[in-house]
Structure formats: C-alpha cells, structure tokens
Amino acid sequence: MTISMRSLPGRRPFLTAALAIVALAGLAAGAITAEPRAKDLFGAKKLPAVAAAQSFGFYSKGCFTGGVALPMDGMNWEVMRPSRNRRWGHPTMIALIEKLSRDAAADGWPGLLIGDISQPRGGPMLTGHASHQIGLDADIWLTPMPDRKLTTQERENVSATLMVDDKTHLVKDRLWKPMHTQLLKRAASYPEVERILVNPGIKKKLCDTVTGDRTWLRKIRPFWGHDYHFHIRIGCQPGSPNCKGQEATPDDDGCGKPLAWWFTEEPWRPNKNPDAPKARDLMTMANLPKQCRFVLDQPDADSAEAVTYRGGGVPIAARAPEPDAPLPPVTGNAAGLPNAVNAFTATPEIGIPLPRRRPPANVGQ
Ligand SMILES: [Zn+2]
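Definitions and limits used
Residues numbered from 1 in each chain as written. Predicted model: local features only at pLDDT ≥ 70, side-chain atom pairs only at ≥ 80, totals over all residues. Heavy atoms only, no water. Core = buried A, V, L, I, M, F, W, Y, C linked by side-chain atoms within 4.5 Å. Buried < 20%, exposed > 50% of the residue type's maximum accessible area, 1.4 Å probe, protein only. Helix = DSSP H or I, 4+ residues; strand = E, 2+ residues; numbered from the N terminus. Contact = heavy atoms within 4.5 Å. 1 Å grid on protein atoms, 1.4 Å probe; cavity = no way out; pocket = protein on both sides within 12 Å on 5 of 7 lines; lining within 4 Å. Points joined across faces, edges and corners; volume = space filled by probe spheres on them. Nonpolar A, V, L, I, M, F, W, Y, C, P; charged D, E, K, R; others polar. Donors = N, O, S within 2.8 Å, 3.2 Å for Na, K, Ca; no water. Tetrahedral: all angles 85-135°; square planar, octahedral: opposite > 155°, others 65-115°. pLDDT = per-residue confidence, 0-100. Salt bridge = Lys/Arg side-chain N within 4 Å of Asp/Glu carboxyl O. Disulfide = S-S within 2.5 Å. Pairing = 2+ DSSP bridges.

- The chain is annotated in an unreviewed UniProt entry as Penicillin-insensitive murein endopeptidase of Mesorhizobium neociceri.

1. Considerations on the nonpolar core
Part 1 of the argument: Of all hydrophobic cores here, the largest spans 45 residues; its most connected members are Leu100, Ile114, Leu184, Ile196, Phe230 and Ile232.
Part 2 of the argument: Looking at which element gives the most residues to this core, the answer is helix 3 (residues 91-107), with seven residues.
Part 3 of the argument: Those residues in contact with Leu100 that sit more than four places away from it in its chain are Leu112, Ile140, Leu183, Arg186, Ala187, Tyr190 and Ile232.
Part 4 of the argument: Formed by ten residues, the second largest nonpolar core is a distinct cluster that contains Phe56, Cys63, Leu288 and Val295.

2. Side note on the layout of surface pockets
Part 1 of the argument: Volume-wise, the largest pocket comes out at about 540 Å³.
Part 2 of the argument: Along the wall of the largest pocket there are 25 residues; nearest its centre are His129, Ser131, His132, His226 and His231.
Part 3 of the argument: Looking at the lining of the largest pocket, the elements with two or more residues in it are strand 8 (137-141), strand 9 (193-198) and strand 11 (229-234).
Part 4 of the argument: Partitioned by chemical class, the residues of the lining of the largest pocket number six nonpolar, eleven polar and eight charged.

3. Here we look at empty space enclosed by the protein
Part 1 of the argument: By the definition in use, this model includes one cavity of 30 Å³ or more.
Part 2 of the argument: Put simply, the largest cavity is a space of about 40 Å³.
Part 3 of the argument: Around the largest cavity, the lining residues are Val79, Met80, Arg81, Pro82, Arg84, Asn85, Arg86, Arg87, Gly115 and Asp116.
Part 4 of the argument: Within the lining of the largest cavity, the residues separate by chemical class into three nonpolar, two polar and five charged.

4. Observations regarding the coordination of the zinc ion
Part 1 of the argument: In this structure, His132 (NE2), Asp139 (OD), Asp139 (OD) and His231 (ND1) serve as the protein donors to the zinc ion, at separations of 2.1 to 2.8 Å.
Part 2 of the argument: Each of the four donor atoms around the zinc ion contributes to a set of angles spanning 51 to 149°, which defines the coordination as irregular.
Part 3 of the argument: Positions of the donor residues of the zinc ion along the chain correspond to the pattern H-x6-D-x91-H.
Part 4 of the argument: For His132, a relative accessible area of 0% puts it in the buried group.

5. What about the confidence of the model for the chain?
Part 1 of the argument: The predicted model of the chain averages 82 in pLDDT, with 76% of residues at 70 or higher.
Part 2 of the argument: The model gives residues 1-32 a pLDDT under 50, and that stretch makes nine contacts with residues more than four places away or in other chains.
Part 3 of the argument: Throughout residues 314-365 the model reports pLDDT below 50, and contacts reaching past four residues in sequence, or to other chains, amount to 110 contacts.

6. Here's the deal with the pattern of salt bridges
Part 1 of the argument: Evaluation of the coordinates by the stated rule reveals 18 salt bridges.
Part 2 of the argument: Overlapping salt bridges, with partners in common, bring together Asp73, Glu78, Lys149 and Arg155 in one network.

7. Observations concerning the state of the cysteines
Part 1 of the argument: As enumerated under the stated definition, the model contains three disulfides in all.
Part 2 of the argument: With its sulfur 2.1 Å from that of its partner, Cys63 forms a disulfide with Cys292. Where Cys63 bonds to Cys292 through sulfur, the torsion about that S-S bond is close to -100°, and the disulfide is left-handed. You can see Cys63 sitting in strand 2 (residues 61-65) and its partner Cys292 sitting in helix 9 (residues 291-297), a full 229 residues away along the chain.

8. A word on the pairing of strand 1 (residues 54-58)
Part 1 of the argument: By the criterion of burial, strand 1 is predominantly enclosed, with four of the five residues buried.
Part 2 of the argument: Bridge analysis of strand 1 against strand 2 gives five bridges, and the strand direction is antiparallel. Following the sheet pairing, Gln54 is matched in strand 2 by Thr65.
Part 3 of the argument: Linkage of strand 1 to strand 2, two consecutive antiparallel strands, is achieved through a turn of two residues.

So this is what it looks like as structure tokens:
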C-alpha cells in the first residue's frame, strides 16, 4: 500500500513529509518481509491439485485438494459470477448442491442460482469472504432461477434481490415466500449440513413463522450480510484428518436471546477502522496449515473438464487417503476423485405446501 502525495493537497508540509517517511518505511518493511500473500498465491490458481479430496485447516484458514467443479448449468441450477472461478468444492459439497437442486425442484423451487463456493484449491480469496477456504462452504441465492438460461453476461451482471430492509433488519414481507422457508428447511435437512448462515432478519422471519418441526432452526445461524443468499456449511468429510471442525450449534432453535442481540444497536455500530486490512488480506503461507504449501505446489489437473462433477449420483471412484499419510500422487484425471459418500441419502419428506413447479420445458444441459 502506498500513499499518494497528490491525493493530499493542502496538507501542511511537515505532515506531508511525515507521511512520506511513513510511506517509505512501509515500503522498506515490505521489501524486507516480501512474503507473498496467500490470497495472491491461491487466487492465481486456475485449476485444482488433483489428489484425493482432503480439506486442511479451518473454514477461514485452510485449503484443499481434490476439488471438483460444479458444471455451469445443471437440470436445476445455474452458476452465477462465473468469471470469479469459484465453482470449486470438495466432491461431497458439489454432490450436495446437485442433490439440493433436485430436491428443491421437486419441492417447487424453480432452480438454484449458485454463488461462490471455493477457489480451485481453496485458500483465502482475493476479494469477499473470510471463509470458503476448504471446499465446504457454498453460497446460494435466495432469488429463484429464471425460466430461461442466463447468458454469461447476465450471470456476471444480474443483481440479486435484497430480502432484508437494511434499516430495520427485518425481512421485506412482500418478497418472502413460503418457498424460501421450504428451501432453507430442505438445505438444513441433510446430515452433512452443519450450519446455514442467513441475515438475522431471515432467522427472525423463520423463528416467527415456522410451525410444527422446528428442530432444523438450530442449524440456521444469523450473521451479517447474507441478505440475498444463504450460506451452506458442511462438516469435515471422511479422509480429512487435518480438517478442523466447528463447534456444534446449541440444541435449541436459536430464537431467544442470541437472536434478540441482533436487533439491538450493538452489532450495527459503524466500524471504527473501516480501512484496516482484513485477515485474509494479510495471511501468508505461514498462517495456513503447512500442507497448504504442498497443495499449492501440486501440478494442475489436465483441464477444468477433467475435474468437473459428472453428477446424477453416479459415483466417482473412491480413494480416501490414510490418516497422516503423505498426500497421494497427482493422477491428472477424474479417476482419483473420491466418492461423495453421504450426498445421496434418501430425501426426507418436508411438509410445506408450495405454489407451483418449474415448467418442464426449461431444462439446462
Ligand atoms: Zn458465504
């Protein structure tokens, strides 16, 4: 970071000089400790390291091997913002998204618009999220897929619908439909899904309106943002002994005191230091699990196609690494990708009636 002198007209000379010294000192320090930022190293990777799928570290501090890509289109989904190249995940996550898209379509949701999952090898991102680093997080829009295939340009530019009023932090009632509740309930129904992050207004809407079975509300966690999408987080998967799980959510529905806090002034106080760099902007390889260096150094998969999920519940050859064994060699094709073990368990019945089904004519590839 440098300070532009031209952007500081009218400053008193001594201040300008002082700033110049600070800037020079900063540059000198940068030159001495020229550790590359982990986000630049991981952000530059266009393809995954082909190995058995394995997550290293924590959701906000880690990386992964064996990433597979979610295809740009499926029967019931479309990938948004494709230029970011964040449609990569642990095979279980990718299979789970496919399963959710099918189950949600059967429930009447017109198809999923998929936001960011992970970079090909995970790691901190150049922009945006703190988490999404180990292939086990995915953002899904609360806007249903339209009745036609979006063009690439539309996928980059179409705006999402903000579901929450940013002053009251309450859901906009004219936008919230029973099918939104149904979609979140369906996503929460899978045993792999440990948490679903939503805006506090959305959590409150669910707390206020869900009747009957409320046990799934435990997984719905209020968080800043997440007003146009929800964020699915699955647990550490088999074959990832170095993956750090998150503590379990409390057993209750989370509709009491912890939710009330979000409707006080405290969580919304302006950031006193908005320009302070974020953790992901500062992380070097030294801050990540040591295996992430290995992950970074592995050769690329042959092509994105070779490591794109084939879907339909067709199993991919399983190959889970031994705990603490050295990572397996790169194979260069999809043969070494592990099976999505739990993503095809039977779909439970969910009893919220929904208005309509997607017309069958509009089917992607
Ligand atoms: Zn997210």
